[in-house]
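Observations on chain architecture
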Amino acid sequence: MDSADVPPVLIIDDEPHLRITTGQTLELAGYAPQAHESAESALAALPEDFPGVVISDIRMPGMDGMALLAEIRQRDPDLPVILITGHGDISTAVEAMRQGAWDFLEKPFAGERLVEMVRRGIDKRRLSLENRRLKAELEAQQGAPGPRLVGRTPAMQQLAAMVQRISRVEADVLLFGETGTGKDLVARALHARSARGEGPFVAINCGAVPESIIESELFGHEKGAFTGALERRIGKFEYANGGTVFLDEIESMPLALQVKLLRVLQERCIERLGANEPVALDIRVIAATKVDLKAAAEAGDFREDLYYRLNVVTLPIPPLRERREDIPLLFQHFALVAGNRSDLEAPPLDAAGISTLLAHDWPGNVRELRNLAERYVLLGAAYDYRLEALLEGATPDNGGLPLPQQVELFEKSLISQALISQRGSVPDACEQLGLPRKTLYDKLKKYGLRAEEYRH
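Reading across from one edge, 7-10-13-6-14 is the order of the 5 strands in this open sheet, with parallel pairing throughout. The open sheet has two edge strands with one neighbour each: strand 7 (201-205) and strand 14 (313-316). The mean inter-strand angle of the sheet, taken between neighbouring strand axes irrespective of direction, is 20°. As defined by bridge partners, strand 10 (residues 244-248) adjoins strand 13 (residues 284-289) across 4 bridges and the pair is classed as parallel. Note on strand 13: the bridge partner recorded for Val245 is Val285.

Another point: the packing of helix 13 (residues 327-342) against helix 15 (residues 365-379). Packed helices, taken two at a time, are described by the angle between their axes plus the distance between the axes. Where helix 13 meets helix 15, the axes come as close as 8 Å, and the angle between the chain directions of the two elements is 50°. One way to sum up the angle between helix 13 and helix 15 is to call them oblique. Between helix 13 and helix 15 lies a crossing of right-handed hand. Packed against helix 13, whose contacting residues are Ile327, Leu330, Phe331, Phe334, Ala335, Ala338, Gly339, Arg341 and Ser342, the element helix 15 presents Val366, Leu369, Arg370, Leu372, Ala373, Glu374, Tyr376, Val377 and Leu378 at the interface. Looking at the contact of helix 13 with helix 15, its residues break down into 13 nonpolar, 2 polar and 3 charged.

Below, the discussion takes up helix 6 (residues 154-166). Between its terminal C-alpha atoms helix 6 stretches 18 Å, which fits the 18 Å expected from 13 residues at 1.5 Å a residue. Every buried residue of helix 6 is listed here: Met156, Leu159, Val163 and Ile166. On an axial view of helix 6, the arc spanned by its buried residues comes to 100°, and they lie on one face. Exposed residues on helix 6 whose side chains face more than 90 degrees from its buried face are Pro154, Gln158 and Arg165. Check the buried side of helix 6 and you find it contacts strand 6 (173-176), helix 7 (183-192), strand 13 and strand 14.

Okay, unusual backbone geometry next. Glycine aside, residues mostly have negative phi angles, and peptide bonds mostly take the trans form. The peptide bond linking Lys107 to Pro108 adopts the cis configuration, its omega dihedral lying at -10°. Tracing the sequence through the fold places Pro108 in the loop between strand 5 (103-106) and helix 5 (111-143). At Trp362, a residue that is not glycine, the phi angle is positive and equals roughly 55°. Relative to the helices and strands, Trp362 resides in the loop between helix 14 (351-359) and helix 15.

Among the structural elements, Glu178 can be located in the loop between strand 6 and helix 7. Sequence separation between Glu178 and Lys290 is 112 residues; the distance between their C-alpha atoms is 4.9 Å. Not counting chain neighbours up to four residues away, the residues in contact with Glu178 comprise Lys183, Lys290, Pro319, Arg321 and Asn365.

So, about the environment of Asp57. Here Asp57 is to be found in strand 3 (residues 53-57). Residue Asp57 is classed as buried on the basis of its relative accessible area, which comes to 4%. Other than its neighbours up to four places away in sequence, Asp57 contacts Ile12, Asp13, Asp14, Gly65, Ile84 and Lys107.

Each value, and the rule that gives it
Residues numbered from 1 in each chain as written. Predicted model: local features only at pLDDT ≥ 70, side-chain atom pairs only at ≥ 80, totals over all residues. Heavy atoms only, no water. Pairing = 2+ DSSP bridges. Helix = DSSP H or I, 4+ residues; strand = E, 2+ residues; numbered from the N terminus. Axes fitted to C-alpha atoms, helices over the stretch in contact; angles between N-to-C directions. Parallel < 35°, antiparallel > 145°, perpendicular 65-115°, else oblique. Left-handed = near helix turned anticlockwise from the far one by under 90°. Contact = heavy atoms within 4.5 Å. Nonpolar A, V, L, I, M, F, W, Y, C, P; charged D, E, K, R; others polar. Expected span 1.5 Å × (residues − 1). Buried < 20%, exposed > 50% of the residue type's maximum accessible area, 1.4 Å probe, protein only. Arc of directions from axis to C-beta.

What follows is the structure in structure tokens.
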């Protein structure tokens, strides 16, 4: 086993024979003990984000175990500290737990109890560090250009590459995808990563604006242009000058207004209602639809010339059922975001939870998955973390996938989750999955997974 993959354990005791016996027990159990005779020397050697646990005797000369606990809690409150108390000193143990100790051992203690306590502490520490890493990644994403497109499937990798490429050019874009697939997020990513990223992003839901006022909303009006127009109003297109206009549900736009939109796209200018002078526009237009616009044009429900004008670059956004391998990763991402927002820790996702996620057909796509993740974080404890109790209308048919494909998808997801939780450590993933190392390597090769990609 690579020494970098062996969990470290800091042992602090002023009695040499206890340091030796405790270290030998942990070393035989597969851990890397680091012994110190004083709390001061241990603190000096304690690195930031220490990936292990700390075991310390309470009664020591100089800084005692309680003072050490207080100092560690101040540095890193998530680091598990196990304190060793004397026989019958229960009051001290209770006080240590109240002060934030992970657990305590009463002398004399059995080696099996020590190993089990360390194992649980290591598992807690891994989860804490993983959540800390993901939170830092989310904070970094907030400072990065555009929303994050989460997913490792070929469909999402291709979409991310296309977004990166198209964002550099000025062409108008048509986004096509079912409800809830993330068309708004892709539009914002295109805008933020373009040269217009510092300009305004103006989103208009064409299906939500009443037909009677949509023309005024888009193009603006002059004072007195119609009854109630008491002053000049700048429309959405003009307000977006220097930036991007996002026309969501463009299939809902009235046919009469589609003629004027076509002129805007061709001439890059508008005329406010009641005005005679055109206003030049410097905008990029991103439109989104959940219907086949070509079929709508052929049926007379959408202007054919506008369809061909919009169809310069079309980005299809895959539904969730076509990228099932991304579902556990997306769920964890949304759960972490929800936990960060509500200051709650996202419960871990187990094999039963992964199975439930993969079995659902997700008619609401990513939006439905995000809502479930938020319910899971806010209400999960009340339901004993059972996703089935929170997911309404779960379907066990897995979208009609053949049974062998369902099994492979579930197995690949479990392996991927193990590599995520173990940060790419193959030995630790083997232990978590209960697989021999050769078997795991064979399955990594079969599913095209690379452990090193999970270490970052």
